[in-house]
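Listed below, chain by chain, are the residues.
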Amino acid sequence: MKTYALILAAGKGSRYGGMKQLDRFGPAGATIMEYSAFDALKAGFGKIVFVIRKNFEQEFASAVADRIRPFAPVMFAFQEADDLPQEFAGKCQREKPWGTGHAVYVARDLVNEPFAVINADDFYGREAFHAMAAFLSEKQSNQETGRYAMCGY
């Protein structure tokens, strides 16, 4: 069973002044999330799910996802403000994404195996992915439930 790397990239970058998750740097002109995706794959993660906004799909696919697809399956979950649990549907109006919990919620139909969640604009380093992959692998082999981890960086 392969683990998922759930990469949260739906933010609007309003304080930053633009889509910081698409800013490129380094010798190959990669985004931070590309470095993270490749670190995750090297650590043993087998699938990448990006949480993005639907109106951003084409630009995001060509800028980032298409560069990762040759190495692993890539899927999109769409974080839209109106995708809420039934008890909240229609009661809240919001234009900006709701945040981390909501971003994980919108991936509910795509992620059905152990997973780690990261922010697209934070660099975690290869060691963090190895630590999370080891934890998730141990949890899988023991079929444990109710154990969770956070890996600080």
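See the structure shown above.
Summarised in this report is the structure supplied together with it. (Residues numbered from 1 in each chain as written. Predicted model: local features only at pLDDT ≥ 70, side-chain atom pairs only at ≥ 80, totals over all residues. Heavy atoms only, no water.)

As for the nonpolar core
Nonpolar side chains in soluble globular proteins tend to be buried together.
Logical step 1: If you look at the biggest cluster of nonpolar residues, it comprises 33 residues, and the most contacted ones within it are M33, F45, I48, F50 and F60.
Logical step 2: Among the secondary structure elements, those contributing two or more residues to this core are β1 (4-8), α1 (32-43), β2 (47-52), α2 (57-68), β3 (74-78), β4 (115-119) and α4 (126-142).
Logical step 3: The next biggest cluster of nonpolar side chains, apart from the first, holds eleven residues, and it includes L6, L8, A10 and V106. (Core = buried A, V, L, I, M, F, W, Y, C linked by side-chain atoms within 4.5 Å. Buried < 20%, exposed > 50% of the residue type's maximum accessible area, 1.4 Å probe, protein only. Helix = DSSP H or I, 4+ residues; strand = E, 2+ residues; numbered from the N terminus.)

Thoughts on the environment of S62
Logical step 1: On the secondary structure map, S62 appears in helix α2.
Logical step 2: S62 gets classed as exposed once you look at its relative accessible area, which sits at 52%.
Logical step 3: Within polar-contact distance, the side chain of S62 engages the backbone oxygen of E59 at 3.2 Å. (Polar contact = N/O pair within 3.5 Å; in protein donor to acceptor, adjacent residues only side chain to side chain.)

Here's the deal with α2
Logical step 1: The complete set of buried residues in α2 reads F60, A61, A63, V64, A65 and I68.
Logical step 2: Those residues of α2 that are buried lie in contact with α1, β2 and β3. (Contact = heavy atoms within 4.5 Å.)

Regarding α1
Logical step 1: Over its twelve residues, α1 runs 17 Å from end to end, which matches the ideal 16 Å to within 8%, given 1.5 Å per residue.
Logical step 2: Residues of α1 that are buried: M33, E34, S36, A37, D39, A40, L41 and A43.
Logical step 3: Within two residues after α1, G44 carries a phi angle of roughly 115°, on the positive side. (Expected span 1.5 Å × (residues − 1).)

What to know about the sheet that holds β3
Logical step 1: Read across the open sheet, the four strands follow the order β3-β2-β1-β4; overall the sheet is parallel. The two strands at the open ends of the sheet, each matched to only one other strand, are β3 and β4. Between one strand and the next, the sheet's axes are offset by a mean angle of 25°, whatever the strand orientation.
Logical step 2: Sheet topology note: the β1/β4 ladder contains five bridges and is parallel. Note on β4: the bridge partner recorded for A5 is A116. (Pairing = 2+ DSSP bridges. Axes fitted to C-alpha atoms, helices over the stretch in contact; angles between N-to-C directions.)

Some thoughts on the pairing of β2
Logical step 1: Across the six residues of β2, six count as buried, placing the element largely inside the fold.
Logical step 2: Residues K47, V49 and V51 point to one face of β2 and I48, F50 and I52 to the other, with burial holding for every one of them.
Logical step 3: In this structure, β1 lies alongside β2, joined through five bridges in parallel fashion. Counted as the bridge partner of Y4 is K47 from β2.
Logical step 4: Once the chain exits β1 it traverses α1 before rejoining the sheet at β2, and the crossover so formed is right-handed.
Logical step 5: Two strands pair when backbone bridges link them, and β2 and β3 are joined in this way by five bridges, in the parallel orientation. (Right-handed = clockwise from strand over helix to strand, strands pointing away.)

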